[in-house]
Amino acid sequence: MPVLQKCILMLQRLIKAASLFIAIFLFSACSAETPVKKSDYLLGTIVSVTVYGCDNGDRIIDECFEKVREIENKVSVAIENSFISELNNSAFSCEIKTDSEVFNLISDSLSYCYETGGAFDIGLGKLIDLWGIGTDLQAVPDMNKLEPFIGFKGYEHIKLNYEQEALCFDNEQVSINLGACAKGYAVNKAVAFLKDKGVKSAIIDFGGSIYIIGNKNGKGYDIGIADPRGEDVGGIISGLSDISIVTSGDYQRYFEQDGKRYHHIFDSNTAFPSESGVRSVTVVCSDAFKGDCLSTAAFVLGTEKGSELLDRMNCGYVFFTDDGIVVSEDLKDSFSLIYE
């Protein structure tokens, strides 16, 4: 298949997936302000920004996307000369000094790796590559290739030199992949940029990592959460403003082989996609990066341990599981189920 055709096919799949992943519904009263919305393909997904009440909204969004593109060029493993790619190519053989922003992002990510006991793990890049989910090569790997990764905690082998802003790997199985947190990080940067430009009301949606700035006419936004096993909205969280909403689910990126679904969220204890009984978990908190890291961890941990983690980290949550719905105490009054 020609490269251009592959790119078009991938883009079509992403657009379809994005439409199912988490839906925004503006049930709040509309104002006379004309919104400006623009979308782009960044960080391996469809990203969009909608701003309200800005005469120069087009220019501001374009500048915002440029900021995100700068982040992508630093952290994407799909870009050959990104800082992350260079680290993965060389950090096992020697200590590598890196960009300050990348170093701080890795350091902050590692704090959540340790906080979650590896349920969120940025050091499993080689395991992710073995499965190839989302590529033309996706398939269940041979067990002899998976065996070295069973129980492997990649994050424990990433060693930081804070004085030099450098790092190394002490195990050759380590490879950094920030796919589970880069979107949340970029959302935070986009929020800071938009606020610095004087934007008072906006919605940032980077492939399901969402942040709402402000409100509409004094009323919060209502956010629809996708039904993980359908094409419609499964539930709605009402009245949200100045908050992030991040969902991790098994329905956006997956393949089926021999009648079984294999998704992209891995459990390092088994080296297989997680089988915790969770279909999706939506995390509501003030920080999109935090929500991104913890939604992945909670998915892997399952409802009981995942909710304990999120309660401890002061996050609201909605789990869609094989057995039903679990909602945090702080969201019970604002969450409504669409289907029974």
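In this report, we go over the structure that sits alongside the text. Just so it is clear, the structure is predicted and the values come from calculations on it, not from any experiment. (Residues numbered from 1 in each chain as written. Predicted model: local features only at pLDDT ≥ 70, side-chain atom pairs only at ≥ 80, totals over all residues. Heavy atoms only, no water.)

### Section: the overall build of the protein chain
Right, on to step 1. The helix and strand inventory of the protein chain stands at nine helices and 19 strands.
Right, on to step 2. Within the protein chain, contacts between residues separated by at least 24 positions form 63% of all contacts whose residues are at least 6 apart in sequence.
Right, on to step 3. When the accessible surface of the protein chain is split by element, carbon and sulfur atoms take 48% of a total near 15,700 Å². (Helix = DSSP H or I, 4+ residues; strand = E, 2+ residues; numbered from the N terminus. Contact = heavy atoms within 4.5 Å. Areas by Shrake-Rupley, 256 points an atom, 1.4 Å probe, with all protein chains shown as cover.)

### Brief notes about the pattern of salt bridges
Right, on to step 1. Under the definition given, this model contains 14 salt bridges.
Right, on to step 2. The closest approach of N and O atoms between Lys38 and Asp62, which form a salt bridge, is 2.7 Å. With a gap of 24 residues between them, Lys38 in strand E2 (residues 36-42) and Asp62 in helix H2 (residues 57-75) connect regions that are remote in the sequence.
Right, on to step 3. The shortest N-O distance in the salt bridge between Arg69 and Glu66 comes to 2.6 Å. Within this pair, Arg69 and its partner Glu66 are both found in helix H2, separated by three residues, close to a single helical turn.
Right, on to step 4. Assessed through its relative accessible area of 25%, Arg69 is described here as partly exposed.
Right, on to step 5. Members of the salt-bridge network, linked through shared partners, are Lys38, Asp58 and Asp62. (Salt bridge = Lys/Arg side-chain N within 4 Å of Asp/Glu carboxyl O. Buried < 20%, exposed > 50% of the residue type's maximum accessible area, 1.4 Å probe, protein only.)

### Considering the nonpolar core
Right, on to step 1. By size, the foremost hydrophobic cluster in this structure holds 79 residues, and its most contacted members are Ile106, Leu194, Ile204 and Phe206.
Right, on to step 2. Setting aside residues no more than four positions away along its own chain, Phe206 makes contact with Leu43, Thr45, Ile46, Val47, Ser48, Val49, Val68, Lys183, Ala186, Val187 and Ala190.
Right, on to step 3. Core analysis: the next-biggest nonpolar cluster, separate from the first, contains 17 residues, Ile212, Ile225, Leu240 and Phe320 among them. (Core = buried A, V, L, I, M, F, W, Y, C linked by side-chain atoms within 4.5 Å.)

### As for the environment of Glu304
Right, on to step 1. Tracing the sequence through the fold places Glu304 in helix H9 (residues 303-312).
Right, on to step 2. For Glu304, a relative accessible area of 60% gives the class exposed.
Right, on to step 3. Distance in space between the C-alpha atoms of Glu304 and Ser276 is 10.0 Å, their sequence separation being 28 residues.

### Some words on the pairing of strand E11 (residues 243-249)
Right, on to step 1. Among the seven residues in E11, seven count as buried, and that is most of the element.
Right, on to step 2. Of the two faces of E11, both are covered, the one formed by Ile243, Ile245, Thr247 and Gly249 as well as the one formed by Ser244, Val246 and Ser248.
Right, on to step 3. For strand E8 (residues 209-213) and E11, the ladder comprises four bridges, and the chain directions are antiparallel. Residue pairing for E11: Ile212 is matched across the bridge by Ile243.
Right, on to step 4. Direction of pairing for E11 relative to strand E16 (residues 278-285): antiparallel, over a ladder of six bridges. Along E16, the bridge assignment pairs Gly249 with Ser280. (Pairing = 2+ DSSP bridges.)

### Section: the pairing of strand E9 (residues 221-226)
Right, on to step 1. Most of E9 sits out of view: six of its six residues are buried.
Right, on to step 2. Burial of the side chains of E9 extends over both faces: Tyr221, Ile223 and Ile225 are buried on one face and Asp222, Gly224 and Ala226 on the other.
Right, on to step 3. Examined bridge by bridge, E9 and strand E10 (residues 233-240) share five bridges and lie antiparallel to one another. Following the sheet pairing, Tyr221 is matched in E10 by Leu240.

### Quick notes on helix H8 (residues 288-301)
Right, on to step 1. Counted at 1.5 Å a residue, the expected span for H8 with its 14 residues is 20 Å, and the 20 Å between its end C-alpha atoms agrees.
Right, on to step 2. Of all the 14 residues making up H8, 13 are buried; the element is thus mostly covered by neighbouring parts of the structure.
Right, on to step 3. If you check the start of H8, you find a side-chain oxygen 2.8 Å away from the backbone N of Phe289, and it comes from Asp287.
Right, on to step 4. Once H8 ends, the next one or two residues include Gly302, with phi positive near 95 degrees. (Expected span 1.5 Å × (residues − 1). Polar contact = N/O pair within 3.5 Å; in protein donor to acceptor, adjacent residues only side chain to side chain.)

### A look at the side chain of Ser82
Right, on to step 1. Following the sequence through the fold, Ser82 ends up in the loop between H2 and helix H3 (83-90).
Right, on to step 2. Discounting chain neighbours no more than four positions away, the residues touching Ser82 are Asn73, Lys74, Val75 and Ser76.

### Observations concerning the environment of Lys145
Right, on to step 1. Summarising the element assignment, Lys145 is placed in helix H6 (residues 143-146).
Right, on to step 2. With a relative accessible area of 47%, Lys145 lands in the partly exposed category.
Right, on to step 3. Linking Lys145 and Leu127, residues 18 residues apart in sequence, is a C-alpha distance of 9.2 Å.

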